[in-house]
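Summary of structural features
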Amino acid sequence: MENDSIDVMRRKIAIMQKKLERCEHSRRLIEQAKDHYDLVYRFSIEKLAEQKELLDIKNKELDLVRLELLAKNKELQEVSITDGLTRIYNRRKISEIFNEEYLKAQRYGIIFSVILIDVDWFKLINDTYGHQTGDQVLFELAQLMKDDLRISEHIGRWGGEEFFIVLPNTSSKDGYTLAERIRLKIACFNFQDTKQITCSFGITQYKGNDSIEQIIKRADMALYKAKEHRNCTCIF
């Protein structure tokens, strides 16, 4: 009987040892798996960090491209509204501003005035000094007039040696005062090659039943009258 008990105990011990061995084996497998997943995790983190760094670089490159595109678009917009010679508004843009003021005047009953300017004896300047000098005169003249305007007042090249100024919320009387100031400033200015030149100014004010064509026609008639005397300002 005693031997049977010992055999039973031995079998139980053997079973327990087997279980311990299986548990140890499982523990080692779990540790190996844990080590493997730790490696995978660290590798994944490193890869994610690399991808994030690469993505940051690409985003910076995209930001630079976007800024370049914005700069190009702004440049193209400037080119589309700027007269290439005088660097002020071209006729399309100044006409657009003129039309906007006309619509506001019709809608709200406010006044505005326009000034049409022509360089006196400009053909003689070209014939005497050459077209390159004539172009330089137009550039200097445009900048000279632009510098004398407020931010709400706009000037553009109307064509050839003619310029057009739009004066919001301005009567023809106040427009005349401005035109006279600019006219005297031009007459006293020493241009690069030709020294002195003069300009003639025609002014008109928006009236309630005006069409755009009528306003331009009156400004043109006022300028024609001023050109009869040269270096003169006339209101129609």
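Use the structure listed above.
Rules used in this analysis
Residues numbered from 1 in each chain as written. Predicted model: local features only at pLDDT ≥ 70, side-chain atom pairs only at ≥ 80, totals over all residues. Heavy atoms only, no water. Salt bridge = Lys/Arg side-chain N within 4 Å of Asp/Glu carboxyl O. Helix = DSSP H or I, 4+ residues; strand = E, 2+ residues; numbered from the N terminus. Buried < 20%, exposed > 50% of the residue type's maximum accessible area, 1.4 Å probe, protein only. Pairing = 2+ DSSP bridges. Axes fitted to C-alpha atoms, helices over the stretch in contact; angles between N-to-C directions. Parallel < 35°, antiparallel > 145°, perpendicular 65-115°, else oblique. Left-handed = near helix turned anticlockwise from the far one by under 90°. Contact = heavy atoms within 4.5 Å. Nonpolar A, V, L, I, M, F, W, Y, C, P; charged D, E, K, R; others polar. Phe/Tyr/Trp six-rings, centres within 6.5 Å; stacked < 30°, edge-to-face > 60°. Lys NZ or Arg CZ within 6 Å of the ring centre and 35° of its normal. Patch = residues over 30% accessible without salt bridge, like charges linked within 9 Å, V, L, I, M, F, W, Y side chains within 5 Å. Areas by Shrake-Rupley, 256 points an atom, 1.4 Å probe, with all protein chains shown as cover.

Here the focus is the pattern of salt bridges. What the rule picks out here adds up to 15 salt bridges. The residue Glu96 makes a salt bridge to Arg92 at a minimum N-O spacing of 3.9 Å. Taken together, the residues span about one helical turn, with Glu96 and Arg92 both in helix α2 (residues 91-108) at a distance of four residues. Asp148 is the salt-bridge partner of Lys185, the closest N and O atoms lying 3.3 Å from each other. Here the residue Lys185 occupies a position in helix α5 (residues 172-188), and Asp148 occupies one in the loop between α4 (131-146) and β2 (154-159), the gap between them amounting to 37 residues.

Taken across its six residues, β2 has five buried, putting it largely inside the fold. Across five bridges, β2 lies against strand β3 (residues 162-168) in antiparallel orientation. The partner of Arg157 across the bridge, within β3, is Phe163. In this structure, the hairpin formed by β2 and β3 is closed by a connection of two residues, where Gly160 is found at a positive phi of approximately 60 degrees.

Close contact between α4 and α5 brings their axes to 10 Å; oriented N to C, the two are set at 140 degrees. It follows that α4 is oblique to α5 by the angle criterion. Between α4 and α5 lies a crossing of right-handed hand. On the side of α4, the interface is formed by Leu141, Leu144 and Met145, while α5 contributes Ile182, Lys185 and Ile186. Tallied by class, the residues present in the contact of α4 with α5 amount to five nonpolar, no polar and one charged.

Now for the packing of helix α3 (residues 122-129) against α4. Packed helix pairs are specified by the crossing angle of their axes together with the interaxial distance, meaning the distance between the axes. Running from N to C, α3 and α4 cross one another at 135 degrees; their axes reach a closest spacing of 6 Å. Of the possible angle classes, the one that applies to α3 and α4 is oblique. From α3, Phe122, Ile125, Asn126 and Tyr129 reach across to α4, where they touch His131, Thr133, Gly134, Val137 and Leu138. Broken down by class, the residue content of the contact of α3 with α4 amounts to five nonpolar, four polar and no charged.

Overall, the coordinates contain six aromatic pairs when judged by the stated rule. When the centroid spacing of 4.9 Å and the interplanar angle of 80 degrees are considered together, the rings of Phe189 and Phe191 count as edge-to-face. Aromatic ring contacts, followed pair by pair, group Phe98, Tyr102, Phe112, Trp158, Phe164 and Tyr206 into a single cluster. Arg91 extends its terminal NZ or CZ atom over the ring of Trp158, reaching a point 3.8 Å from the ring centre.

For the rest of this paragraph, the subject is the pairing of strand β4 (residues 199-205). Within a regular beta strand, the side chains point alternately toward one face of the sheet and then the other, so they alternate between its two faces. Within β4, six of the seven residues are buried, leaving the element largely enclosed by the surrounding structure. The pairing of β4 with strand β5 (residues 233-235) spans three bridges and is parallel. Note on β5: the bridge partner recorded for Phe201 is Thr233.

Below, the discussion takes up the environment of Phe236. Mapped onto the elements of the fold, Phe236 is located in the segment after β5. On a C-alpha basis, the gap between Phe236 and Gln106 in space is 20 Å, while along the polypeptide they are 130 residues apart. Excluding residues that lie within four positions of it along the chain, Phe236 makes contacts with Ile203, Thr204, Arg218, Met221 and Ala222.

Another point: unusual backbone geometry. Residues other than glycine seldom take positive phi values, yet Arg87 does so here, at roughly 65 degrees. As for its position among the elements, Arg87 is in the loop between α1 (2-81) and α2.

Taken together, the side chains of Tyr41, Ile45 and Leu48 define a hydrophobic patch exposed on the protein surface, amounting to about 330 Å² of accessible area. By relative accessible area, which is 54% here, Tyr41 ends up exposed.

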